[in-house]
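# Working through the structure, step by step
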2 protein chains.
Amino acid sequence: MIGEVPGVTEGDIFRDRQALHDAGVHGGVMQGIGGGGNSIVLSGGYVDDVDENELIIYTGQGGRDPNSGRQIADQELKRGNLQLARHYTEGNPIRVTRGHQLRSPYAPESGYRYDGLYRIDHFWHEQGQDGLLVYRYRLIKIRPTEIVQPPTAPTSHQGAAPAGTQNPPRTGVYTVRVIRNSAVANHVKAIYQHRCQISGEILETPAGRYAEGCHIKPVGRPHDGPDTVENLLCLSPNMHVLFDKGSIAVADDFTLIGVPGNLEVHQDHPISLDYLRYHREHIYKLG
Amino acid sequence: MIGEVPGVTEGDIFRDRQALHDAGVHGGVMQGIGGGGNSIVLSGGYVDDVDENELIIYTGQGGRDPNSGRQIADQELKRGNLQLARHYTEGNPIRVTRGHQLRSPYAPESGYRYDGLYRIDHFWHEQGQDGLLVYRYRLIKIRPTEIVQPPTAPTSHQGAAPAGTQNPPRTGVYTVRVIRNSAVANHVKAIYQHRCQISGEILETPAGRYAEGCHIKPVGRPHDGPDTVENLLCLSPNMHVLFDKGSIAVADDFTLIGVPGNLEVHQDHPISLDYLRYHREHIYKLG
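Along each chain, residues carry numbers from 1 onward, in the same order as the chain's sequence is written. For naming, the first written chain is A and the first written ligand is 1, with later ones following in the order written. Residue-level local features of this predicted model are given only where pLDDT is at least 70; pairs of side-chain atoms are given and counted only at 80 or more, and the full residue set underlies all totals for whole chains, interfaces and linings. Only hydrogens and water are removed before side-chain values are computed, so all heavy atoms of the structure are retained for them.

## Some details on the nonpolar core
Looking at soluble globular proteins, one finds that nonpolar side chains tend to be buried together. Counted only if it meets this: For the purposes of this section, nonpolar cores are sets of buried Ala, Val, Leu, Ile, Met, Phe, Trp, Tyr and Cys residues that join through side-chain atoms within 4.5 Å. Relative accessibility under 20% of the residue-type maximum defines a buried residue, over 50% an exposed one, and the middle range a partly exposed one, all with a 1.4 Å probe and only protein chains included. By definition, any uninterrupted DSSP run of H or I lasting at least four residues is a helix, any uninterrupted run of E lasting at least two residues is a strand, and each is numbered from the N terminus. Residue contacts are defined here by distance: any two heavy atoms, one from each residue, within 4.5 Å place the two residues in contact.
Counting 42 residues, the largest nonpolar core has Ile198(A) and Ile198(B) as its most contacted members. Elements that contribute at least two residues to this core include exactly strand S9 (173–181), strand S13 (232–235), helix H4 (237–244) and helix H5 (273–282) of chain A together with strand S9 (173–181), strand S13 (232–235), helix H4 (237–244) and helix H5 (273–282) of chain B. Apart from residues no more than four positions distant in its own chain, Ile198(A) is found in contact with Leu235(A), Met239(A), Phe243(A), Ile248(A), Leu256(A), Asn262(A) and Leu263(A).

Structure below.
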């Protein structure tokens, strides 16, 4: 089950992993990523993991020696890692539980505490300890105001629809992706007259052309990419998604990777090769 | 100037419109929409306007008889209305000032109070009094947490960049558009296997296909469209923008308006003709 579980409220404490499993919060008693990728348990994990209450950086599973706990192989985009990545793509809410063993100010004193719904707002990979590949997820607590509860109209459809349409959906309509803009992004878009640097597309609306500023090295934790012209591309919404989600990258000579062609680069737009490389190494998906 | 004005703080009171103009908050002493469309003053306006503090529904300018105040002609997408619409497209922040004459619990006792930055998260048109066209804007208060302050890296670019890149941008990187999802939208996307019903495009990412659920009759105030299969389309990000911003619409026979072709409609997806019509009448831009 995705999202809220009937009978379970944020803040509920469970004695152990079995109780957590039995309540439907987290499928499975061993893994950090629950069945279906619908939930995670924070209980110590990786040294680089971050717990800032409303912001979590979580490392995927796999590649660890069960005895020493050390990373001995690359992680793979399969099973729990892939399920989480799919939820990231769809923006589905993830149930987060903190275990007492978690070294964080937010860990419960004992047992396991269900801490509500988060969404994965970012997903990337990096070389962790010993140069081995790990997948990482940034989760943001879903605020009640991010969940729009639209009125449910009577349905007259013939096909099978999710049970949620018969009852008010538990999580309503929730935020999955936030498009940002800035004065600097507007400047870059003006250089290209809102033409997509990857596809050349132009979106015309009655109120003017529309394009999106895409930060090459992502802003926000933990990448902390700057909001400067060197770190921005003017892209169509489609290309912005494909670039952000690792389907497309740009080589140092501005040829495109993942699709044919070249990035359009204007002489007044100095793009940082360092940031392009960072994107290739952390966002663009290998293979 | 777009965004914050140096020396002006949210909550500042100004004696009159001249003082507001002189401080740089709102260009012009008569109009509700300020110079450049960078600001608005709420002071009574239209009977259907809404002031719920963090949410404002504001009617555009024009078409009113100066003596009676009654609407006597259609409004046009020009001047202030068009400038606001462009800021909507770019997601630029709008300075909002409340005047004492405003019939709202949030109006100041006297004078004009600068109430901070809002963004226009929705824009449409409707037939107001006497069947005449008015443009309407929904504004949402920008929360500090919506503004990401990325670190500014030293810039080495040659072309002229906005002064903001030399100093930390006053408004940082701010939210312009929020993509939402829901269990019902996932159901509709599954029907089409994430294929765009307008363009037929499929976006493949390493973590699965990506598409967006588009509510035909928008959710949220004041349209209150439901989150049901009849009110959803599975669209690519590009088509979602063009549909939401009124470049494309769908006729009752599912032919496309604004681009050639037809909407792909699966037999298990009953789309409401009422909602398509609502979209044509309120979102799709005439001419």
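The discussion continues.
## Focus: unusual backbone geometry
A cis amide bond links Arg221(A) with the next residue in sequence, Pro222(A), at an omega value of -10°. By secondary structure assignment, the location of Pro222(A) is in the loop between strand S12 (212–215) and S13. One non-glycine residue, Gln193(B), adopts positive backbone phi at about 50°. Structurally, Gln193(B) is set in the loop between helix H3 (183–191) and strand S10 (203–205). The phi dihedral of Phe254(B) is positive, around 70°, even though this residue is not glycine. Relative to the elements of secondary structure, Phe254(B) occurs in the loop between strand S14 (249–250) and strand S15 (256–257).

## Notes on the environment of Ile120(A)
Residue and element names in this part refer to chain A. With respect to the helices and strands, isoleucine 120 occurs in strand S6 (residues 112–127). When the C-alpha atoms of isoleucine 120 and arginine 86 are compared, they prove to be 9.9 Å apart, with 34 residues separating the residues in sequence. Among residues more than four places away in sequence, those in contact with isoleucine 120 are Leu84, Tyr88, Ile94, Tyr137, Arg138 and Leu139.

## Details of the side chain of Asn186(A)
Along the chain, the position of Asn186(A) falls in helix H3 (residues 183–191). Overall, Asn186(A) belongs to the buried group, its relative accessible area being 18%. Setting aside anything within four residues of it in sequence, one finds Asn186(A) in contact with Asn181(A), Glu90(B), Asn92(B) and Tyr174(B).

## A word on the pairing of S6(A)
Residue and element names in this part refer to chain A. Worth spelling out the cut-off: Here, strands pair whenever DSSP counts at least two bridges between them.
With respect to burial, S6 is a largely interior element, 14 of its 16 residues being buried. As paired elements, strand S1 (residues 13–14) and S6 share 2 bridges and run antiparallel to each other. Considered in S6, the bridge of isoleucine 13 is made with arginine 113. As paired strands, strand S5 (residues 93–99) and S6 are joined by 6 bridges and run antiparallel to one another. Residue pairing in the sheet places isoleucine 94 in a bridge with tyrosine 118 of S6. As paired strands, S6 and strand S7 (residues 133–141) are joined by 9 bridges and run antiparallel to one another. Residue pairing in the sheet places isoleucine 120 in a bridge with leucine 139 of S7.

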